[in-house]
Amino acid sequence: QVQLVESGGGLVQAGGSLRLSCAASGRTFSNYVTGWFRQPPGAEREFVASIRWSGGSSSIADSVKGRFTISRDNAKNTMYLEMNSLKPDDTAVYYCAATYTVGIPTTTRGYTYWGQGTQVTVSS
């Protein structure tokens, strides 16, 4: 079983930065893909970014490209989402997800395991 725990959310002013962490446990993640999704108030969960633990190839949503960076530390079994130039539209619950698959899924259906989420609120 895979456990995912997010941290690092909070309240920040527009233009500010936050770094989210996702600590993964339960197995070796060398052949896994992990990703970040977010769910704004009253909206569906949407893809933000994902990364393969082996090789480090990644995918990132156009809406955050140039502002958000995804990375992972294999030794710590931890994935990160560095968020810069935050906007009020980035306000959402951010979820960490993981799956064992080929490729880099960008939909919620592509992921098997989910964390509980961490709230990010960006004030204007």
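The following refers to the structure shown. Treat the numbers as computed from the prediction; the structure is a model and nothing was measured.

## Digging into the overall build of the chain
Within the chain, the secondary structure is distributed over zero helices and eleven strands. Ordered by position in the sequence, the α and β elements of the chain form the string β-β-β-β-β-β-β-β-β-β-β. Radius of gyration (C-alpha) of the chain: 13 Å, near the 14 Å computed for a compact globule of 124 residues. By principal-axis analysis of the C-alpha atoms, the chain measures approximately 40 × 25 × 25 Å.

## Let's talk about the nonpolar core
Counting 34 residues, the largest nonpolar core has Trp36, Leu81, Met83 and Tyr94 as the members making the most contacts within it. Secondary-structure elements contributing two or more residues to this core are strand S3 (18-25), strand S4 (32-39), strand S5 (46-52), strand S7 (68-73), strand S8 (78-83), strand S9 (92-100) and strand S11 (118-123). Considering every element that reaches this core, the biggest residue donor is S9, with five residues.

## Some thoughts on the sheet that holds strand S1 (residues 3-7)
Within a sheet, neighbouring strands are paired by backbone hydrogen bonds and run either parallel or antiparallel to one another. Spatial strand order, S1-S3-S8-S7: four strands in an open sheet with antiparallel pairing. At either margin of the open sheet sits one strand with a lone partner, and together these are S1 and S7. Neighbouring strand axes in the sheet, compared pairwise and without regard to direction, differ in orientation by 15° on average. With six bridges joining them, S7 and S8 adopt antiparallel strand pairing. When the bridges of S8 are listed, Phe68 appears paired with Met83.

Conventions we followed
Residues numbered from 1 in each chain as written. Predicted model: local features only at pLDDT ≥ 70, side-chain atom pairs only at ≥ 80, totals over all residues. Heavy atoms only, no water. Helix = DSSP H or I, 4+ residues; strand = E, 2+ residues; numbered from the N terminus. Rg over C-alpha atoms; globule rule 2.2 N^0.38 Å. Core = buried A, V, L, I, M, F, W, Y, C linked by side-chain atoms within 4.5 Å. Buried < 20%, exposed > 50% of the residue type's maximum accessible area, 1.4 Å probe, protein only. Pairing = 2+ DSSP bridges. Axes fitted to C-alpha atoms, helices over the stretch in contact; angles between N-to-C directions.

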